[in-house]
Structure formats: structure tokens, C-alpha cells
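# Structural overview
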Amino acid sequence: MVKIFLDTANIDEIREAASWGVLDGVTTNPTLVAKSGRKWGEVIQDILALVDGPISLEVTTTDADDMIKQGRQLAKLHKNVVVKIQMTTEGLKAIRTLSKEGVRINTTLIFSANQAILAAKAGAKYVSPFIGRLDDQGQEGMQVIREIVEIFKNYDWDCQVLVASIRHPLHVIEAAKLGADVVTMPFEVLKKMTQHTLTDVGLKRFLEDWKKVPQ
Ligand code: G3P
């Protein structure tokens, strides 16, 4: 079954989504933590306490040795931490070293199937293709997901396709139809997934009719 992650550092959103019983994990990035306006350490501790599932925390260094050092520190924080590493050649070196040590890696800023192939070969447990950003510039993001899912199936690789930069509920449906392992999305998209006007109309009618039933 497709796993649902929230792509946020907003603790209220995470708490609410977790209470619905459908939240499998959380992805964060420096932009999302900055948006929260809170201290990084506090946000991360709150998320780790709320969700018992993979929590992606991103390194903020670009040199392989620094990424490895930071990745080790992040991984030590909690068993659920997945270290998010950028798709660069330095990143590949860090992925190889850290994954050999048993650290789970989510490779971020993936925009092509070739980048996903390299990240998986380096030992990443997840690849995160950013489909919304591709759509934004007139390229079909979902085509990249289609290619990656097909390629990974051919080789039975132990690397999950984590569809990121999701903008709307249709992205979720398309990703699930293609058999992507994980979708990570803003809270607003998850909320929209729960809604349908016919559900609201139907509920209103049921409640009105219930009042007519002799008690
Ligand atoms: O966290 C990675 C990705 O989901 C970012 O999405 O909306 O900034 O393109 P976005």
C-alpha cells in the first residue's frame, strides 16, 4: 500500500494528520524548518516524539566528508531518522559510506531517472523525485516517476520511490497508480484528499433524516 508522509515542519499539522491514523512518516527540509520559525532542534524533537515512522532530516553541508559527519550525527538522534542527502557527486560518496554503516538515506533533489539510478546504486533507501518543480517548469514530473518505478522493478532494487514536491491530490492518485512506494505532501493536500462535496451533502442529508426517525 502506498505510504503517506507529510512534507512539513509544522508540528500542529503533523499532530492533526497523525490523529487521523493515516500518517506513515514525515519529510523535512531546511526551507520547511525555516518556515516553522522555530529552532531546528526543538522542531525535530517534537516530530520524532509524535510520529513513529521514517523521519527525513536533511544535511546542510555539501562536501562528502561533512555530509558523512552530519549524517552520522543525525542518524544518532533516533532510530526513525532517515538522513536526507542531496543528489550531487559529493552526495553519492556520502550515501555510499553512510549506507554501508547502516544509515538509511533519502536522496533529495532528484529530477531524472538517471539520478535515481545512481542514488539507488550508491545504497540509498529512498529516492525523492520532485515532481511539482518539474511540472512548474513545463516538464511532466510524473513521467520521471513512471520511469523510475519501471527501472526499479526491473532490478528488484531495495530502494523506495518517494514522490516529493506534490502539489495537489491528482499527483497522489497518479503516483499510487504507478506503484510509487511513498507520497510526501503538504498538509493542505492531505486535507483535500479527505474531502468531497458529495460527502458533505450526503452527511447533511443523513443527519436531517435521522431527526425524522421516531426515537
Ligand atoms: O521536501 C521536498 C519537496 O517535497 C519540496 O517540495 O513544494 O518545495 O517543491 P516543493
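This text goes with the structure placed above it.
Residues numbered from 1 in each chain as written. Predicted model: local features only at pLDDT ≥ 70, side-chain atom pairs only at ≥ 80, totals over all residues. Heavy atoms only, no water.

## Things to note about helix α5 (residues 89-100)
An ideal rise of 1.5 Å per residue puts 16 Å on twelve residues; α5 measures up with 17 Å between its terminal C-alpha atoms. Taken together, the buried positions of α5 are Gly91, Leu92, Ala94, Ile95, Leu98 and Ser99. An end-on view of α5 places all buried positions within 165° of arc, on one side of the element. Of the exposed residues in α5, the ones pointing more than 90 degrees away from its buried face are Thr89 and Lys100. (Helix = DSSP H or I, 4+ residues; strand = E, 2+ residues; numbered from the N terminus. Expected span 1.5 Å × (residues − 1). Buried < 20%, exposed > 50% of the residue type's maximum accessible area, 1.4 Å probe, protein only. Arc of directions from axis to C-beta.)

## Examining the side chain of Thr108
Position of Thr108 relative to the elements: it lies in strand β5 (residues 105-110). When sequence neighbours within four positions are dropped, the list of residues in contact with Thr108 reads Glu58, Lys84, Ile85, Gln86, Met87, Ser128 and Phe130. (Contact = heavy atoms within 4.5 Å.)

## Remarks on the sheet that holds strand β3 (residues 55-58)
Taken in spatial order, the eight strands of this closed barrel run β1-β2-β3-β4-β5-β6-β7-β8, and their pairing is parallel. Strand-to-strand, the axes of this sheet are offset by a mean angle of 30°, without reference to chain direction. As paired strands, strand β1 (residues 3-7) and strand β8 (residues 182-185) are joined by four bridges and run parallel to one another. Within β8, the residue paired with Lys3 across the bridge is Val182. Along the sheet, helix α3 (residues 40-50) contacts β2 (25-27), β3 and β4 (81-86); its crossing angle with β3, the most-contacted strand, is approximately 165°. (Pairing = 2+ DSSP bridges. Axes fitted to C-alpha atoms, helices over the stretch in contact; angles between N-to-C directions.)

## A short note on the site of the ligand
Around the ligand, the neighbouring residues are Asp7, Asn29, Lys84, Phe130, Arg133, Ala164, Ser165 and Arg167. At a separation of 2.9 Å, an oxygen atom of the ligand approaches a polar side-chain atom of Asn29. In this structure, an oxygen atom belonging to the ligand sits 3.4 Å away from a side-chain N or O atom of Lys84. Protein chains bury 82% of the 310 Å² of accessible surface belonging to the ligand in isolation. Its residues assigned to classes, the shell around the ligand comprises two nonpolar, two polar and four charged. (Near = heavy atom within 4 Å. Polar contact = N/O pair within 3.5 Å; in protein donor to acceptor, adjacent residues only side chain to side chain. Areas by Shrake-Rupley, 256 points an atom, 1.4 Å probe, with all protein chains shown as cover. Nonpolar A, V, L, I, M, F, W, Y, C, P; charged D, E, K, R; others polar.)

## Description of the environment of Asp12
Relative to the elements of secondary structure, Asp12 occurs in helix α1 (residues 11-19). Under the relative-accessibility criterion, Asp12 is labelled exposed at 52%. Put simply, Asp12 and Met67 are 55 residues apart on the chain and 30 Å apart in space, counted from C-alpha to C-alpha.

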